[in-house]
Amino acid sequence: MADEILSFIDEVRRRRTFAIISHPDAGKTTLTEKLLLYGGAIRLAGSVKSRRAQNHAVSDWMEIEKQRGISVTSSVLQFDYNGYCINILDTPGHQDFSEDTYRTLMAADSAVMVIDCSKGVEDQTKKLFHVCKMRGIPIFTFINKLDRAGKDPFELLEDIEQVLGIRSYPMNWPIGTDRNFKGVFNRQKKQIELFNDGNHGQSIAKAVIGDISDVKFRDLLGEDLHRKLIDDIDLLDMAGDDFNLDQILNGELTPVFFGSALTNFGVEPFLESFLNITTPPQPRSSNIGNVNPESDNFSGFIFKIQANMNPTHRDRIAFLRICSGKFEKGMTVNHVQENKKVRLAQPQQFLAQDRVVVETAYPGDIIGIHDPGIFKIGDTLCQDQTKLQYEGIPVFAPEHFAKVFTKNSLKRKQFIKGITQLAEEGTIQVYKRPDIGVEELIVGVVGALQFEVLEYRLKHEYGVDIIMERLPYRYIRWVEIDHFDPKTFSITMDTMIVEDEDGHPVLLFQNEWSIQQVKDRNKQAQLKEISLRK
Ligand code: G4P
């Protein structure tokens, strides 16, 4: 018995569950692949050919999903490395960017932010960063593509601090850039790590390691580079932030690593240091206080629902993040929001590239459970508790809006039913004009792909053809105010007042100038970018 408890706790403590966030093309896929390579989950990585083949497979799958009208999943990869059990949550970007991308971050215990050294902080990284910041999880930065010409490292740190508003602590410092990128100085170990590139990143990069004062490095680097490195390190030690673990774990200071995912330079030191610093699953807040992951009672919450993974059924897969206790296949748990018991019969887990049926799983793990249409995003499942509810998943700001009508007015009932169900599932957000009501529905989405999903699913699942009229709004704000009166609330000409599914007042804006105007004119109100309702 004692052994069993110990091994359960060991399992929890070796879990590291994180998301990799970046702007498209910064190198998220390449870095993920390299982490799998170091974890031994794949044997060969980085060869352009195998990457192309993989990309091809992924895009084919997306096409199939699209034809079936499914939102593209964020997948979860699980693998072992040095005794750790790593769960990487993928956050889709490009045209697959959707509200699910944000929701996935609710299931992560930390985030790795990949930045292209020639670009600095880009738009999508900013959006994803803000969600991580809101959660207060540790955020690690990997500045990528050091094998190419990029911005000055000091400028990149400045960019992170100015644009994202987070202090930074470089864990290592690049030695040379572009073709002359030779390695890094490891500030924790106070040693130089020079990389040998044998085969262009296909296998693990080996390093020549030693003390900065060792004359061998002056010869290897050349006088100028060696002197510059010593000066840079002095400057960082004197003028930079100190390493502060508490601040890192609270998401107030980001440890920064420089490297090149393509050539593997700096990937392993990053992985080791990251795993060392970041935490296993932590207690999670709920309506009955913090729940300890090491408690025996199983609990978790649903952060994403994916429809129609099996084309012959209307079935859905609900993605559940385990927060406490051990999961065992076939167990019966309480579905708190519906006050019902459910049996978790065929749960799936995602091991490296494959999907397998899972027998057991632990806090930090993500499992996919069969959903016959009973779960909602944010629902809690737990054992031995009927009242426990984890904090809900927020509603994130859509950036695309459209008026939606049914082509055939006789299908109005099915149309309303379909729209309502898809909104409940989290596929779209729906708003009404207070003066018009359900006669004119406005749909908001984070990524334009969600519109296609809406159109397809209404047609194929509810038999309704729709007309969508895109609207010029790009920003949304939820109004927090004691009493909202649309007649006295002062807005600009190009702003629209609507209400969300809970009847909460919401403003749609076309530009940031109008947002500022409305803020200035209504000092008593707060305008929120993320709604914690639902
Ligand atoms: P993403 O998932 O963030 O969108 O980025 P991804 O890894 O797909 O990388 C985008 C492009 O950047 C790819 O090139 C990739 O090879 C390249 N890349 C990633 N990491 C590095 C790096 O450390 N150094 C350099 N020089 N390039 C890097 P591509 O030409 O678009 O694709 P491919 O032909 O290489 O597959």
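Residues numbered from 1 in each chain as written. Predicted model: local features only at pLDDT ≥ 70, side-chain atom pairs only at ≥ 80, totals over all residues. Heavy atoms only, no water.

- Labelled according to an unreviewed UniProt entry, the protein appears under the name Peptide chain release factor 3, originating from Geosporobacter subterraneus DSM 17957.
- Its UniProt record gives the protein the following Sequence similarities (unreviewed entry) comment, quoted word for word: "Belongs to the TRAFAC class translation factor GTPase superfamily. Classic translation factor GTPase family. PrfC subfamily." (UniProt positions renumbered as here; feature names shortened; annotations may be inferred.)

## Here's the deal with the overall build of the protein
- Looking only at helices and strands, the protein features 13 helices and 31 strands.
- Considering only contacts within the protein whose residues lie at least 6 apart along the sequence, 71% involve residues at least 24 apart.
- Accessible surface, the protein: about 23900 Å² in total, of which carbon and sulfur atoms supply 47%. (Helix = DSSP H or I, 4+ residues; strand = E, 2+ residues; numbered from the N terminus. Contact = heavy atoms within 4.5 Å. Areas by Shrake-Rupley, 256 points an atom, 1.4 Å probe, with all protein chains shown as cover.)

## Here's the deal with the packing of aromatic side chains
- For the structure shown, the criterion picks out 17 aromatic pairs.
- Centre to centre, the rings of F154 and W173 are 4.7 Å apart; their planes meet at 50°, and the pair counts as tilted. Of this pair, F154 sits in helix α6 (residues 153-164) while W173 sits in strand β7 (residues 172-175), placing them 19 residues apart in sequence.
- Under the relative-accessibility criterion, W173 is labelled buried at 0%.
- Ring geometry for Y169 versus F243: centroids 5.4 Å apart, planes at 75°, classification edge-to-face. One end of the pair, Y169, is in strand β6 (residues 167-170); the other, F243, is in the loop between α8 (223-239) and α9 (245-249), and 74 residues separate them in sequence.
- Given a relative accessible area of 30%, F243 falls into the partly exposed group.
- One aromatic cluster is present, built from ring pairs that chain together F18, F140, F142, F257, F270 and F274.
- The lysine or arginine in question, K304, covers the ring of F319, its NZ or CZ lying 4.6 Å from the ring centre. (Phe/Tyr/Trp six-rings, centres within 6.5 Å; stacked < 30°, edge-to-face > 60°. Buried < 20%, exposed > 50% of the residue type's maximum accessible area, 1.4 Å probe, protein only. Lys NZ or Arg CZ within 6 Å of the ring centre and 35° of its normal.)

## Re the site of the ligand
- Taken together, 19 residues are adjacent to the ligand, and D25, K28, T29, T30 and D147 come closest.
- In this structure, T30 approaches the ligand through a side-chain N or O atom, which is 2.5 Å from an oxygen atom.
- Within the contact set of the ligand, an oxygen atom lies 3.0 Å away from a side-chain nitrogen or oxygen of N144.
- Coverage of the ligand by the protein chains reaches 79% of its 700 Å² of free accessible surface.
- Taken together, the elements giving at least two residues each to the shell around the ligand come down to α2 (28-38) and α3 (48-67).
- Of the residues forming the shell around the ligand, the biggest block, three residues, is contributed by α2.
- Of the residues contributing to the shell around the ligand, the split by class is four nonpolar, eight polar and seven charged. (Near = heavy atom within 4 Å. Polar contact = N/O pair within 3.5 Å; in protein donor to acceptor, adjacent residues only side chain to side chain. Nonpolar A, V, L, I, M, F, W, Y, C, P; charged D, E, K, R; others polar.)

## A short note on α2
- Buried residues dominate α2, accounting for ten of its eleven residues.
- Those residues of α2 that fall on the buried side of the exposure criterion are K28, T30, L31, T32, E33, K34, L35, L36, L37 and Y38.
- Trailing α2 by a residue or two, G40 shows a phi angle of about 80°, which is positive.

## Focus: helix α13 (residues 512-521)
- The complete set of buried residues in α13 reads S514, I515 and V518. Mapping the buried residues of α13 onto a view down its axis gives an arc of 105°, with all of them on the same face. Exposed residues lying more than 90 degrees from the buried face of α13 are E512 and W513.
- Turning to α13, the residues buried within the fold contact β28 (475-480), β30 (505-509) and β31 (526-528). (Arc of directions from axis to C-beta.)

## Looking at the environment of M493
- Along the chain, M493 falls in the loop between β28 and β29 (496-499).
- A C-alpha to C-alpha distance of 9.9 Å links M493 and F509, two positions 16 residues apart in sequence.

## Notes on unusual backbone geometry
- At D25, a position not held by glycine, the phi torsion is positive, near 80°.
- Following the sequence through the fold, D25 ends up in the loop between β1 (15-22) and α2.

## Comments concerning the pattern of salt bridges
- As enumerated under the stated definition, the model contains 28 salt bridges in all.
- With its nearest N and O atoms 3.9 Å apart, the salt bridge here joins R477 to E529. On the criterion of sequence distance, the pair formed by R477 in strand β28 and E529 in the segment after β31 is long-range, its members being 52 residues apart.
- For R477, a relative accessible area of 12% puts it in the buried group.
- A network of salt bridges, in which partner residues are shared, links E11, R14, R15, D80 and D365. (Salt bridge = Lys/Arg side-chain N within 4 Å of Asp/Glu carboxyl O.)

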